[in-house]
Amino acid sequence: MEDLVRCFLGGDRRALARAISAVENDHPHKRQLLQRLYRHTGRSYVVGVTGSPGAGKSMLIGALTRHLRREGFTVGIVAVDPTSPFSGGAILGDRVRMQDIARDAGVFMRSLATRGSLGGLTRNTRDILDVLDGFGLDVILVETVGVGQSEVDVSSLAHSTVVVLTPGAGDGLQAMKSGIMEVGDVFALNKADLAGADAARLEIEGALRIVHDGPGGWRPPLVKTAAVTGEGVAALWEALVRHRDFLVSTGKLAGLRKERLRRDIATLAGEHVRGLVMEKLAAGGGLEGELVRVADRELDPYTLAEEVLTDVAREVLVQNG
Ligand SMILES: Nc1nc2c(ncn2[C@@H]2O[C@H](COP(=O)(O)OP(=O)(O)O)[C@@H](O)[C@H]2O)c(=O)[nH]1
Ligand SMILES: [Mg+2]
């Protein structure tokens, strides 16, 4: 564990891969590891990329990564996509000359297994983002499938969320119905090289005006991209930077951070208490007699719950000295 942390903080990519595995597999030292890394976090800019399967999320992430590397940023890529098992192929592109980012020491790619519980995956993803952040990556791109199909609500994990749409007929309307318009901070109309891009643009812009009409707020821009050629990718990054600047200058970033911490700490504390309570109530936990009294209506469950909570609180106090 000490070794791992030392190598990790020294910038060893194998240590990063091992740390992520430890988090993913709920290693017994997971908590200790996250505790050690926490003070090194808080510097990465996390961008969620979501949209329907086949919209070009992976390719767009590949193109954006190349752009970011040219700008001198290091990049982490996390793919959470149950619809297409991740081989790296989609992000790297098919052509041999595009395999560059696979060998680039400034890029770290990881796909997350989507087995396990829904909440557990979101929780794991958040912890893994912390690990990548603690490693010192400048930008972290997270790919997930669109709202409604996704197990992970990426907009709750990212600073900025890109929704990827395509020129398919009626996509704008469909997107509006699915609730995806609400989560986007920046919209990419990908496959802009295909026919119908201009019509789709008008349709989506119309939908965006309806969803985001508040004064003084952020109006999500729509950027035309073609991940295959890299067209529009620089403009997409500029739009993201504008959104990040908006979050910082309006104090929304600080607010967002605090709100997330509130929720995270409530979750952590809640899970801890729940575990202790379950232990107390398990067979052999010493409460058999009390449970029988509740079953016999001599005691009500509310009173027993309070008693269990008091017991647990006392034990925590003793444990923490
Ligand atoms: N014509 C065109 N095809 C694209 C573009 N971006 C992605 N594709 C294709 O769309 C398909 C799905 O891309 P992928 O990145 O795997 O989509 P994902 O499921 O959203 O991650 C692939 O066959 C890509 O080659 C684009 O800008 N133009
Ligand atoms: Mg993909």
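Residues numbered from 1 in each chain as written. Chains lettered and ligands numbered in written order. Predicted model: local features only at pLDDT ≥ 70, side-chain atom pairs only at ≥ 80, totals over all residues. Heavy atoms only, no water.

**Some points on the overall build of the protein chain**
Okay, so step 1: Looking only at helices and strands, one finds 14 helices and seven strands in the protein chain.
Okay, so step 2: Partitioning the contacts of the protein chain with sequence separation of at least 6, the portion at a separation of at least 24 is 77%.
Okay, so step 3: If you sum the accessible surface of the protein chain, you get close to 16,700 Å²; carbon and sulfur atoms cover 54% of it. (Helix = DSSP H or I, 4+ residues; strand = E, 2+ residues; numbered from the N terminus. Contact = heavy atoms within 4.5 Å. Areas by Shrake-Rupley, 256 points an atom, 1.4 Å probe, with all protein chains shown as cover.)

**Notes on the coordination of the magnesium ion (ligand 2)**
Okay, so step 1: Surrounding the magnesium ion (ligand 2) are the protein donor atoms Ser58 (OG) and Glu143 (OE), which sit 2.1 to 2.2 Å from the metal. Of this pair, Ser58 sits in helix H4 (residues 57-70) while Glu143 sits in strand E4 (residues 139-145), placing them 85 residues apart in sequence.
Okay, so step 2: Exposure remark for Glu143: the relative accessible area of 3% places this residue in the buried category. (Donors = N, O, S within 2.8 Å, 3.2 Å for Na, K, Ca; no water. Buried < 20%, exposed > 50% of the residue type's maximum accessible area, 1.4 Å probe, protein only.)

**Observations regarding the site of ligand 1**
Okay, so step 1: What surrounds ligand 1 is a group of 17 residues, the closest being Gly54, Lys57, Met59, Asp193 and Ala227.
Okay, so step 2: When isolated, ligand 1 has an accessible area of 580 Å², and the protein chains bury 74% of it. (Near = heavy atom within 4 Å.)

**Examining the pairing of strand E2 (residues 75-80)**
Okay, so step 1: A large share of E2 lies buried, amounting to six of its six residues.
Okay, so step 2: Bridge analysis of E2 against strand E3 (residues 107-111) gives five bridges, and the strand direction is parallel. What sits directly across from Val78, in E3, is Arg110. (Pairing = 2+ DSSP bridges.)

**Thoughts on the packing of aromatic side chains**
Okay, so step 1: Counted by the stated rule, this structure contains four aromatic pairs.
Okay, so step 2: Judged by centre distance (5.2 Å) and plane angle (70°), the rings of Phe8 and Phe135 are edge-to-face. Here the residue Phe8 occupies a position in helix H1 (residues 2-9), and Phe135 occupies one in helix H7 (residues 118-135), the gap between them amounting to 127 residues.
Okay, so step 3: Residue classification places Phe135 among the buried positions, given a relative accessible area of 19%. (Phe/Tyr/Trp six-rings, centres within 6.5 Å; stacked < 30°, edge-to-face > 60°.)

**A word on the layout of surface pockets**
Okay, so step 1: Taken as a whole, the largest pocket spans an internal volume of roughly 1,100 Å³.
Okay, so step 2: Lining the largest pocket are 31 residues, with Tyr38, Arg126, Asp127, Asp130 and Asp264 positioned closest to its centre.
Okay, so step 3: The set of elements that each furnish at least two residues to the lining of the largest pocket consists of helix H3 (30-37), H7 and helix H12 (252-281).
Okay, so step 4: In terms of residue count, H12 provides more of the lining of the largest pocket than any other element does, twelve residues in total. (1 Å grid on protein atoms, 1.4 Å probe; cavity = no way out; pocket = protein on both sides within 12 Å on 5 of 7 lines; lining within 4 Å. Points joined across faces, edges and corners; volume = space filled by probe spheres on them.)

**Some details on the sheet that holds E3**
Okay, so step 1: A sheet is described by the order of its strands in space; here seven strands give the open sequence E3-E2-E4-E1-E5-E6-E7, paired in parallel fashion. Only two strands of the sheet have a single partner each, and these edge strands are E3 and strand E7 (222-224). The average undirected angle you get between the axes of adjacent strands in this sheet is 20°.
Okay, so step 2: For strand E5 (residues 160-165) and strand E6 (residues 186-189), the ladder comprises four bridges, and the chain directions are parallel. Bridge pairing in E6 places Val163 opposite Phe187.
Okay, so step 3: Helix-sheet contacts for helix H10 (residues 197-211) involve E5, E6 and E7, and the interaxial angle to E7 is about 170°. (Axes fitted to C-alpha atoms, helices over the stretch in contact; angles between N-to-C directions.)

**Let's talk about the environment of Glu24**
Okay, so step 1: Mapped onto the elements, Glu24 comes out in helix H2 (residues 13-24).
Okay, so step 2: Distance in space between the C-alpha atoms of Glu24 and Thr125 is 8.3 Å, their sequence separation being 101 residues.
Okay, so step 3: For Glu24, the side chain forms a polar contact with the side chain of Arg110, separated by 3.2 Å. (Polar contact = N/O pair within 3.5 Å; in protein donor to acceptor, adjacent residues only side chain to side chain.)

**Let's talk about a nonpolar patch on the surface**
Okay, so step 1: A grouping of Tyr38, Leu261 and Ile265 is seen on the molecular surface, where their side chains present a nonpolar patch of about 290 Å² in accessible area.
Okay, so step 2: On the secondary structure map, Tyr38 appears in the loop between H3 and strand E1 (45-51). (Patch = residues over 30% accessible without salt bridge, like charges linked within 9 Å, V, L, I, M, F, W, Y side chains within 5 Å. Salt bridge = Lys/Arg side-chain N within 4 Å of Asp/Glu carboxyl O.)

**Describing the packing of H1 against H2**
Okay, so step 1: At a minimum axis distance of 7 Å, the contact between H1 and H2 shows a crossing angle of 125°. By the angle class used here, H1 and H2 are oblique. Considering the relative orientation of H1 and H2, their crossing is left-handed. Taken together, the residues of H2 that come into contact with H1 (itself represented by Leu4, Cys7 and Phe8) are Ala15, Leu16, Arg18 and Ala19.
Okay, so step 2: Among the residues forming the contact of H1 with H2, the class breakdown is six nonpolar, no polar and one charged. (Parallel < 35°, antiparallel > 145°, perpendicular 65-115°, else oblique. Left-handed = near helix turned anticlockwise from the far one by under 90°. Nonpolar A, V, L, I, M, F, W, Y, C, P; charged D, E, K, R; others polar.)

**As for H2**
Okay, so step 1: The first and last C-alpha atoms of H2 sit 16 Å apart over twelve residues, in line with the 16 Å expected at 1.5 Å per residue.
Okay, so step 2: Within H2, burial applies to Ala15, Leu16, Ala19, Ile20, Ala22, Val23 and Glu24.
Okay, so step 3: Two or three places before Arg14, at the start of H2, stands the capping residue Asp12, its side-chain oxygen 2.8 Å from that residue's backbone nitrogen.
Okay, so step 4: Phi turns positive, to about 50°, at Asp26, one or two residues after H2. (Expected span 1.5 Å × (residues − 1).)

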